[in-house]
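# Fold and contact review
These are the residues of each chain, in order.
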Amino acid sequence: MDLAHGSNPTTACLQHSANQKRPDAEPTLSRRTFHAALKFTEIVAVLSLLAAVSARAATIEGRVLDPSSRPVSHARVRLIRGLEPLEEIRSNARGYFRFGQLPPGKYLLIANSPGLSGASGPVRLADRATHRTLNLRLRLSAVKQQVVVSASLGGALASQLGSSVSVITHRQLQDEGVQNIFQALRQVPGVVVNETGGLGGVTSVFVRGGSSNYNLVMVDGIPLNEFGGDFDFAPLPASGVERVEVTRGPESALYGSDAIASVINLVTRRGGGSPHFSGLEEVGSHLTRRFATGGSGFTHGLSWAYDLSRLDTDGLVQNDQYGDQSAFLTLGYSQNPRRQFRFNFFGNANTAGVPGPFGSDPDHLFPGIDTISRDEQNLFGYGASYAQQITPRWRQVTSGDLSLNRYFFVTPFGDSYSHNLRAVVNTQSELTLSAEDYLVAGVEYNREQTKNTYIANASNTPFLLPRSTFAVFGENRWVPGRRLALNVGARLDDIQTHSLPPGAFGSRPLLPASVVTEVDPRISAAYLLRDGSGGLGLTRWHGSFGTGIRAPDGFELAFTNNPHLKPEKSVSFDTGVEQQFFSRRASLDVTYFYNRFKDQIVVLGGSLTNLSTFISDNLGNSRAEGLEVSLRAQPLRSVSAEGGYTFLDTSILALNGADVALAPLRVGQPFFRQPRNSGFFNITWLDGRLMLNANGYVRGSVLDLEPNLGLFACAPPSEGGPGLPCMFTNKGYTLANWGFSYRLPAGITLYGRMNNFLNQKYEEALGYPAWRLNFLTGVRFELPAK
């Protein structure tokens, strides 16, 4: 058989086969069959060729190297196209990474490893380019090149954000030996943590003077706040968390209600690479026990990761026991990079004894330790998203989230419950207008509801209180060059509260359904003032302005006769300068912030009833301003240090239409439990297999409440109160911790912590003693060993 130059071998074979047909075969049918087969093989050949070219034409691969040109294993490598963050992978044991099946365009790669960070220059993939190979060289850096997913729609490089954002990494959580996320939040500027006693006590977080219900809390983007914004941080575990993003300032332009002072987003472990597993076992003071196991991997387009943990302690006194169980699950599926599906789950079930305030007792009202009261909580979050790359410039993302937060309380006065549900459906278009311009716009439906023992109708039967929100939103990120980054966004929320039936004993008339429309803008910018190297390096200015809202909670709606109750609001701005030193080995950031809170909901009484015809109204005002200073240093790969200081000046302002505040508060009085001065430090040293860490938190004195009755202690006998002082100064304290870890062969690590090693006696919340000197020790393992 003669194959002429340029002939198709498959065609020749088919021709030869046709010539061998039986003599009695129908010639016309043979020719039709032959031509059909010929056409089919040509189509298959063309498609195969295109598939082969496509597979080869869109690949970026290479190695991650340290300053000494040695491979860096397990480095995080992130791919960015234009301003759109794409996937993140880890380098293998030889430092190798690969991104495949990429459309043509301009790309950027960033990579991070403990103590090291780096970014590539622009990587261009032309239509006919086969692949690009490069070495991604890292250097010592106190500033990480990283993507933040919660401070901008679709995610953005931290250096291109004008907002104040802090990221706590998995390595920091591990080095500090924290068991719960709130313990690590003390290492963030502008954040105050208030824990009522030991593990399991109600734990509140205040950011830049905002109330404890002014923070939107999310796990993998799933909002977990109760109806009206409340959230107890005690159940959030550190195990299984890859990083924590804290965005300070209002973010209602992105997320709507509850994001009035900050957004705190936990990002859990993602699946990737060959299957690998980890675990820990830990014991400590007060019969504290913690166990955890987790794993992740990638198989045939399916990525998976999970983490299971349990924490128990006997506490300090009788009925101070606490136990919880937590689970994280992340699944992703993508056989085609143009289509991606992801599912996330978070669950926590906990039970805690409530012994009451057994510490400071300034009014001598302590009734004795409560041996009966307990509370149980079940907190669950489910999230699913589907992303479709419709064109190279248009990506459509549709997501749905569901969170359930249920409490059951046992007290000597009777049992009670609180059930909260939130469902969110969102779809957004992510448009790459150009390599410098990125637009995200979408719509959202949010349904939240609460049912509580004490929110009842005229027959004293609890009823379901629902609220629906329809929203449209948009954000535009513009980075015209290396120096300027501008972010502008806005969101319109149409908040519809359903009607409320009359309350028991005439406490509330029939309240009709109400609709409130709120528009929240936001603008942030960053500008590179100086792009230098050497002793005095990069100088970056950053600033932001925005507004935030918090819709009323169930009690504020249920115990009022006001059908026009509006969301509380904030107007905020910040501005600051980041200065880097010694080729990015040190970085200093100084930021000034100002928050004006208005339309705060107050319950009127006494001489102030003339301010409104309603029992409660949006008449409250307050202000918070201050300075955040943070310093990070990475002088050696083996040494990292971080410290911060926050000055906070808060003031209660006069009510609308009056020159006084709501009694017993006074105009000019500082906020409760928020210190004027606070700071932190964190130092880590690595030497081969050994790690040493020291960290601490310093808090100044605060104004606090009488621990048994709160403000009601001030009420005169004519109003049923004892007429005693109700506000006291709670002294400051220093919490210092020390720990170590040592890596043995076969993936085993021994570690230990000594917390409050100064053995300070203090109370974050007046009346609730914190643990004094305590320790923990444990063992971690990894399979296979790194």
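Structure shown above.
Here is a short report on the structure shown in this document. (Residues numbered from 1 in each chain as written. Predicted model: local features only at pLDDT ≥ 70, side-chain atom pairs only at ≥ 80, totals over all residues. Heavy atoms only, no water.)

The strand order across the open sheet formed by three strands is β4-β1-β8, and the pairing between neighbours is mixed. This sheet does not close on itself; its edge strands, each paired only once, are β4 (96–99) and β8 (132–137). If you compare each strand with its neighbour and ignore which way they point, the axes differ by 25° on average. Sheet topology note: the strand β1 (residues 60–65)/β4 ladder contains four bridges and is antiparallel. From the neighbouring strand, glycine 62 faces β4, where its bridge partner is phenylalanine 97. (Pairing = 2+ DSSP bridges. Helix = DSSP H or I, 4+ residues; strand = E, 2+ residues; numbered from the N terminus. Axes fitted to C-alpha atoms, helices over the stretch in contact; angles between N-to-C directions.)

Strand direction decides the pairing type here: strand β19 (residues 276–284) and strand β42 (residues 774–783), joined by eight bridges, are antiparallel. What sits directly across from valine 283, in β42, is threonine 777.

If you walk through the whole model with that rule in mind, you get 38 salt bridges. Arginine 395 serves as the salt-bridge partner of glutamate 430, at 3.1 Å between the closest nitrogen and oxygen. Linking glutamate 430 in strand β26 (residues 416–434) with arginine 395 in strand β25 (residues 394–410), this pair joins segments that are 35 residues apart in sequence. Like arginine 395, glutamate 430 is buried. In this structure, a network of salt bridges that share partners links the residues Arg76, Arg78, Glu88, Arg90 and Glu242. (Salt bridge = Lys/Arg side-chain N within 4 Å of Asp/Glu carboxyl O. Buried < 20%, exposed > 50% of the residue type's maximum accessible area, 1.4 Å probe, protein only.)

Positionally, serine 113 belongs in strand β5 (residues 105–113). Beyond its immediate sequence surroundings of up to four residues, serine 113 is in contact with Val72, Ala75, Leu138, Lys144 and Arg637. (Contact = heavy atoms within 4.5 Å.)

Before going further, it helps to examine the nonpolar core. Core analysis: the biggest nonpolar cluster contains 28 residues, and Ile181, Leu185, Phe233, Leu236 and Val244 have the highest contact counts within it. Those elements that provide at least two residues to this core are α4 (181–185), β13 (191–195), β14 (203–207), β15 (215–219), β17 (241–248) and β18 (262–268). A per-element tally of this core places α4 first, with four residues. Sequence-distant contacts of leucine 185, defined by excluding residues within four places in its chain, comprise Ile168, Val191, Val193, Val205, Phe233, Val244, Val246 and Ile264. Core analysis: the second largest hydrophobic core is formed by 20 residues, Ile60, Ala75, Val123 and Leu138 among them. (Core = buried A, V, L, I, M, F, W, Y, C linked by side-chain atoms within 4.5 Å.)

Here we take up the packing of aromatic side chains. Under the defined criterion, the tally for this structure stands at 16 aromatic pairs. Taken together, the aromatic side chains of Phe345, Phe380 and Tyr382 make up a single cluster linked through ring pairs. Note that arginine 467 overlies the ring of phenylalanine 227, its terminal NZ or CZ placed 4.0 Å from the centroid. The ring of tyrosine 751 carries the charged tip of arginine 780 above its face, separated from the ring centre by 4.6 Å. (Phe/Tyr/Trp six-rings, centres within 6.5 Å; stacked < 30°, edge-to-face > 60°. Lys NZ or Arg CZ within 6 Å of the ring centre and 35° of its normal.)

Turning to the sheet that holds β18, a few remarks are in order. Taken in spatial order, the five strands of this open sheet run β12-β17-β18-β15-β16, and their pairing is mixed. With one partner strand each, in any of the chains shown, β12 (164–169) and β16 (222–223) form the two edges of the open sheet. Where β15 meets β16, two bridges bridge the pair, whose relative direction is antiparallel. What sits directly across from methionine 218, in β16, is proline 223.

In this section: empty space enclosed by the protein. The final tally for this structure, using the stated rule, is nine cavities of 30 Å³ or more. Space inside the largest cavity adds up to approximately 480 Å³. Every residue lining the largest cavity is counted, 29 residues in all, and those nearest its centre are Gln183, Arg186, Leu735, Asn737 and Asn755. The set of elements that each furnish at least two residues to the lining of the largest cavity consists of α4, β37 (690–699), β40 (733–744), β41 (748–755) and β42. Tallied by class, residues from the lining of the largest cavity come to 10 nonpolar, 15 polar and four charged. Surrounding the second largest cavity, 16 residues form its lining, Thr497, Ser514, Leu557, Pro563 and Leu565 being those nearest its centre. Only β29 (484–497) and β30 (514–530) provide two or more residues apiece to the lining of the second largest cavity. (1 Å grid on protein atoms, 1.4 Å probe; cavity = no way out; pocket = protein on both sides within 12 Å on 5 of 7 lines; lining within 4 Å. Points joined across faces, edges and corners; volume = space filled by probe spheres on them. Nonpolar A, V, L, I, M, F, W, Y, C, P; charged D, E, K, R; others polar.)

Below, the discussion takes up the side chain of asparagine 405. Residue position: asparagine 405 is located in strand β25. By relative accessible area, which is 3% here, asparagine 405 ends up buried. Here the side chain of asparagine 405 touches glutamine 377 through a polar contact of 2.9 Å, side chain to side chain. When residues no more than four places from it in sequence are discounted, the contact partners of asparagine 405 are Leu224, Glu226, Gln377, Asn378, Leu379, Ser418, His419 and Asn420. (Polar contact = N/O pair within 3.5 Å; in protein donor to acceptor, adjacent residues only side chain to side chain.)

Judged by side-chain polarity, Phe277, Tyr742, Leu744, Ile748, Leu750, Phe781 and Leu783 come together as a nonpolar surface patch covering roughly 570 Å² of accessible area. Mapped onto the nonpolar patch, the elements with two or more residues apiece are β40, β41 and β42. For leucine 783, a relative accessible area of 47% gives the class partly exposed. (Patch = residues over 30% accessible without salt bridge, like charges linked within 9 Å, V, L, I, M, F, W, Y side chains within 5 Å. Areas by Shrake-Rupley, 256 points an atom, 1.4 Å probe, with all protein chains shown as cover.)

As defined by bridge partners, strand β24 (residues 374–391) adjoins β25 across 17 bridges and the pair is classed as antiparallel. Across the sheet, aspartate 375 pairs through a bridge with phenylalanine 409, a residue of β25. Connecting β24 to the antiparallel partner β25 that follows it, the hairpin turn spans two residues. Judged from the 16 bridges that link them, β25 and β26 form a sheet pairing that is antiparallel. Across the sheet, arginine 406 pairs through a bridge with histidine 419, a residue of β26.

In short, shape yes, function no, at least from these values alone.
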